[in-house]
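Here's the letter readout for the chains.
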Amino acid sequence: MKKEFLLGNQAIALGAIEAGVKVATAYPGTPSTEIIETIAKLAKKFNIHVEWSVNEKVALEVAIGASYSGVRAIAAMKHVGVNVALDPLMTSAYTGVVGGLVLVSADDPSMHSSQNEQDNRLIARFAKIFCLEPRDARTCKEYVKEAFEISEKFQIPVMLRTTTRVSHAKGDVEINLENLEIGKQRGEFIKNPSRFVVIPANARKLHKKLNEKLKAMEEYSNESGLNSMSLKSEVGIITSGVAISYVREVLQEKELEDISLLEIGVTHPLPRKLIRKFLEHCERVLVVEELEPYIEDYAKTFNLCEVHGKDFIPREYELNVNIVKKAIYDFLGLKSEEKSIGISLDLPIRPPVLCAGCPHRALFYALKKVTKEKIYCGDIGCYTLGINPPLKTIDTCLCMGASITKACGMFHAGVKEKPIALIGDSTFLHTGIPGLLNAVYNNANITVIILDNKTTAMTGHQPHPGVGFTATLEETSRVEIEEICKACGVKFIKKVKPFELEETTKVLKEAIEYEGVAVVIAEEPCALIARKLGLWKTPYYVDKEKCKGWLCQACRACIALLSCPAITWSEGKAEIIEELCTGCGVCAELCPNEAIKVKEDDKQGR
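Throughout what follows, the structure given in this document is the object of discussion. Keep in mind the model is a prediction, meaning the values are calculated, not measured.

So, the overall build of the protein
Logical step 1: For the protein, the count of helices and strands is 22 helices and 23 strands.
Logical step 2: Restricting the contact set of the protein to residue pairs at least 6 apart, pairs at least 24 apart contribute 76%.
Logical step 3: Carbon and sulfur atoms make up 52% of the accessible area of the protein, which amounts to about 27700 Å² in all.
Logical step 4: Here the protein contributes 76 positive and 79 negative side-chain charges, whose respective centroids are spaced 4 Å apart.

Topic: unusual backbone geometry
Logical step 1: Note that the residue after His268, namely Pro269, is joined by a cis bond; omega there is -10 degrees.
Logical step 2: Its location among the elements puts Pro269 in the loop between strand S12 (266-268) and helix H12 (272-281).
Logical step 3: With omega at 10 degrees, the peptide bond leading from Pro389 into Pro390 counts as cis.
Logical step 4: With respect to the secondary-structure elements, Pro390 resides in the loop between strand S15 (376-377) and helix H16 (402-412).
Logical step 5: Even without being a glycine, Ser110 presents a positive backbone phi close to 80 degrees.
Logical step 6: For Ser110, the position within the fold is in the loop between strand S5 (101-107) and helix H6 (121-127).

Thoughts on the sheet that holds strand S6 (residues 130-132)
Logical step 1: Taken in spatial order, the seven strands of this open sheet run S3-S2-S4-S5-S7-S6-S12, and their pairing is mixed. Edge strands, defined here as strands with exactly one partner in the open sheet, are strand S3 (49-52) and S12. Sheet twist, expressed as the mean angle between neighbouring strand axes with direction ignored, is 20 degrees.
Logical step 2: As paired strands, S5 and strand S7 (residues 158-163) are joined by six bridges and run parallel to one another. By the bridge assignment, Ser105 is partnered in S7 with Arg161.
Logical step 3: Its contacts with the sheet place helix H2 (residues 34-42) against strand S2 (23-26), S3, strand S4 (73-78) and S5, and it is angled at close to 140 degrees to S3.

Here's the deal with empty space enclosed by the protein
Logical step 1: With the rule as written, the count across this model stands at five cavities of 30 Å³ or more.
Logical step 2: For the largest cavity, the calculated volume is near 140 Å³.
Logical step 3: Contributing to the lining of the largest cavity are 19 residues, with Gly357, Cys564, Ile567, Cys584 and Cys587 lying nearest its centre.
Logical step 4: If you list the elements that add at least two residues to the lining of the largest cavity, you get helix H15 (359-371) and helix H22 (586-590).

Conventions adopted
- Residues numbered from 1 in each chain as written.
- Predicted model: local features only at pLDDT ≥ 70, side-chain atom pairs only at ≥ 80, totals over all residues.
- Heavy atoms only, no water.
- Helix = DSSP H or I, 4+ residues; strand = E, 2+ residues; numbered from the N terminus.
- Contact = heavy atoms within 4.5 Å.
- Areas by Shrake-Rupley, 256 points an atom, 1.4 Å probe, with all protein chains shown as cover.
- Lys, Arg positive; Asp, Glu negative; His and termini not counted.
- Charge placed at Lys NZ, Arg CZ, Asp CG, Glu CD.
- Pairing = 2+ DSSP bridges.
- Axes fitted to C-alpha atoms, helices over the stretch in contact; angles between N-to-C directions.
- 1 Å grid on protein atoms, 1.4 Å probe; cavity = no way out; pocket = protein on both sides within 12 Å on 5 of 7 lines; lining within 4 Å.
- Points joined across faces, edges and corners; volume = space filled by probe spheres on them.

Here you go:
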């Protein structure tokens with residue numbers, strides 16, 4: 001047994017290994033990604049099958065298949081990924097599981113890298129499954145091990161719901177990977193059609209059994225050591241998840257040490273008897289939880305005492321110690337003369353931008369040159385940053401794969417301009433293919449641009465079926481996106497290299513003028529991967545004599561048209577940061593004064 005300083009995600013991964021997980025699946029999505037990355041590094045040592053699945057629905061279904069075969073399985077995804085996996089999740093609660101099945105839902109309050117901040121405790125209640133909510137890295141490891149035990153005890157999937165500050169905060173965690181029995185067991189599926197074949201006649205019986213099972217699940221929740229209650233004064237606080245840590249820190253102050261406290265680790269089914277006992281003891285209660293008034297609404301149904309929550313705690317965005325402290329003091333009618341807990345730093349605002357040398361920037365520049373004012377339907381990925389000026393090539397962004405289908409809807413609605421869908425390679429393989437097939441089948445007139453940078457870039461360069469290797473870096477077959485498009489019935493398919501601006505511009509023009517579904521595949525590796533592979537070219541520099549700066553009306557083109565972070569403006573003229581320049585040459589092509597040149601003394605590259 002040793003202590004390690006781990007992210008919550010790493011603790012979940014190692015806890016799953018300690019619990020004897022046999023199959024681990026996921027689709028990469030912040031803030032969940034490190035779970036599978038951590039398991040993948042140890043997969044061969046402990047004989048675990050690890051995969052980056054094509055999407056979250058597939059990931060959960062693979063895990064369910066493993067569980068049906070009697071082995072322990074874990075599927076990890078971010079909160080919106082659970083929406084994609086909802087179909088199998090809902091019905092797997094009916095069939096139940098055999099080997100322990102844990103679904104990690106990494107929620108993202110404040111939407112640090114997400115399009116919404118849904119509270120997936122509500123989905124656990126909707127699906128009628130267990131939901132455990134750890135508060136820090138240590139409990140992440142403890143809870144995932146407990147989740148497997150609960151799953152097998154009740155033969156039901158268990159959701160482990162984390163949030164960004166739990167997933168990505170570090171803490172001391174006791175780890176014991178020594179002397180573990182390496183999982184050499186083979187799964188065995190025992191046929192039971194009345195349970196595993198969910199036709200209506202079977203489903204009706206299974207739903208009744210699930211509702212009966214809920215009663216036993218609630219009894220377990222009432223007795224679970226994952227919940228903790230301390231009865232003191234008649235003023236109390238109920239809290240869960242990461243908010244527990246914030247409440248604990250605030251209650252360390254002397255004037256608050258007499259407050260009663262109920263910490264809930266099992267957030268579905270909620271521990272009814274425990275909550276009732278707490279409310280009977282108190283006259284006034286404040287519920288401190290992130291996002292939805294989930295526990296608050298439940299506590300109010302007892303009508304036993306005065307219950308507050310979202311009248312003091314924000315319903316949007318993530319909490320922190322300062323927010324919780326203010327809420328508690330306001331609830332108690334106290335004034336705090338102390339300074340806010342934490343450190344306030346006056347840092348410059350750093351909005352996210354496409355990396356220097358990103359091929360998407362070149363593609364967007366060429367697209368704007370051809371299209372001027374078209375409708376650009378975007379998708380989920382780095383390229384969503386095309387929304388920002390000066391590129392402005394993203395008008396909509398809804399969810400994974402929706403760019404193509406939204407463009408179809410706009411065409412069928414009769415919009416004047418031909419809609420253009422922009423989608424990344426990983427996103428296309430995730431949920432873009434059905435949309436493309438639908439577009440061809442229903443005779444849509446749209447242009448689809450697949451930005452193929454050979455990776456899942458936004459979440460940290462995880463592989464996908466178009467790359468040629470797996471999560472454990474084993475070689476595998478590589479899917480050709482062009483062949484998929486052909487199989488969908490697309491007649492116009494052309495490939496471009498975005499840094500070849502003239503040819504890219506020409507092909508984009510042809511695609512937009514084509515009647516019907518036209519696909520352009522923009523192939524160029526992510527700039528960060530290109531750097532690792534030694535593909536960066538000789539950097540450029542600015543000839544100060546030729547750069548007209550403010551004197552030329554057409555100038556600042558390098559900055560105004562590209563917004564590349566490798567180009568700065570100093571003393572009225574452009575300047576290139578050599579360490580950031582990838583040598584893509586796009587800025588040199590559009591400079592009207594030919595002031596941007598390759599460094600002659602560095603022709604061999606770096």
